[in-house]
Each structure stands twice: as C-alpha cells, then as structure tokens.
Amino acid sequence: AYGKITAAFGLGFALGPGVGGFLADSNILGLSGQEITGLFSAGLALVNLFGALILLPESLSAVNIKTDKGKFKFMDFSELKRVSQTKGISLYLAIFSLISLGFSLLIAVFPVYAQEIDNTVREKELGYYFTYAGVVLLVTQYILIKPMIDRFGEQNLIKIGIRSEEHTSELQSH
C-alpha cells in the first residue's frame, strides 16, 4: 500500500511539472505563461474539490463527525496519536512525512538554486527535470519496490535506503 501511495505522489511529480513547464512557455489570450500555469492549477484544484465532494462517499457516521457539542470536528489529533501507537506504523508515518517534506523543499528550493548557478535555466527546463525525477520515483515505487521487498524484506530495505542516502550525501559533499 505504501508503494502505491508513493507511486501516486510520483505520478503527480511526473505530470505536474511537465504540464507546468509546458504551460509556462506559452502565451494564450494575452496571458503570460506564469498566469496560465496558475489559472490551470487553480482550475484543476477546483475540479478535484468538486470531484471529491460529489464522487467520494462519507466514510464516517454522523456520530463520529460531531463533537460533544454537535459542532463539526475538523481534525482529531487523538486519532493520529492512536494510529501512530500501532506497532510499526509510527516508523512508516515518520518516513513518509520526512520524504514528503524533502520533496516539498526540493520543489521550492531547487529552482532558486538552479537559477543562481545558471541564470539561463527557465521554468520549462525545471518542469522537465522534475518530470524526469517523478518518472524515476514512479518506476521505483510502483514497479521495483515489491520485488525488492520480497527479496530483502522491508526492514533491510529501509536500512539499505538510509545507507544509500548517506553515501549519496557524502559523495555530493566532495
């Protein structure tokens, strides 16, 4: 399940920047590429919102949605606490949270860094770069992860991933 969730993130990372990079290099109805990209993203977000409201059934009963005072309960952190105390889940939640944070920071910081070291880099090239990274993530998580788990086991694969990241960071620092 974790691999499929990460594959969905990979698909988003693959398609989003590619479409954004393509749109950023266009000029439609007198709008700049950045304006078109922003409007497209806003429209897609609205489609997702209405799709979720219309197509997804409520998974909680009315009793579970209400607080003692009958008001809507937006987020109940006690449930997160309960789930994270389940054996093995807190490690996966921590790893998923750190990976998500890392990718969010990468998307925010890398374009600034890339333009700092090469001022000819534009949105289109950055979009294609992130599309490539997303495809690699998608292939790794959706196609390769299951056979690797079957061969090495989840705990060993986590250790291999951490060690690989340590060696990669060490090589990048030189």
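Overview of the structure. (Residues numbered from 1 in each chain as written. Predicted model: local features only at pLDDT ≥ 70, side-chain atom pairs only at ≥ 80, totals over all residues. Heavy atoms only, no water.)

1. Notes on the packing of helix H5 (residues 89–117) against helix H6 (residues 123–152)
Logical step 1: Here H5 crosses H6 at 145°, and the two axes come no closer than 11 Å. Handedness of the crossing formed by H5 with H6: right-handed. Taken together, the residues of H6 that come into contact with H5 (itself represented by Phe-103, Leu-106, Ile-107, Phe-110, Pro-111, Ala-114 and Gln-115) are Leu-126, Tyr-129, Phe-130 and Leu-137.
Logical step 2: Here the contact of H5 with H6 is composed, by residue class, of ten nonpolar, one polar and no charged. (Axes fitted to C-alpha atoms, helices over the stretch in contact; angles between N-to-C directions. Helix = DSSP H or I, 4+ residues; strand = E, 2+ residues; numbered from the N terminus. Left-handed = near helix turned anticlockwise from the far one by under 90°. Contact = heavy atoms within 4.5 Å. Nonpolar A, V, L, I, M, F, W, Y, C, P; charged D, E, K, R; others polar.)

2. Some words on the pattern of salt bridges
Logical step 1: Scanning the entire structure with this criterion turns up three salt bridges.
Logical step 2: A salt bridge links Lys-124 to Asp-25, with the nearest nitrogen and oxygen atoms 3.3 Å apart. Of this pair, Lys-124 sits in helix H6 while Asp-25 is found in the loop between helix H1 (2–24) and helix H2 (33–55), placing the two residues 99 residues apart along the sequence.
Logical step 3: By relative accessible area, which is 31% here, Lys-124 ends up partly exposed.
Logical step 4: For Lys-146, the salt bridge is made with Asp-150, and the minimal N-O distance between the two is 3.3 Å. Of the two residues, Lys-146 and Asp-150 both sit in helix H6, four residues apart, roughly one turn of that helix.
Logical step 5: According to the relative accessible area criterion, Asp-150 is exposed, its value standing at 55%. (Salt bridge = Lys/Arg side-chain N within 4 Å of Asp/Glu carboxyl O. Buried < 20%, exposed > 50% of the residue type's maximum accessible area, 1.4 Å probe, protein only.)

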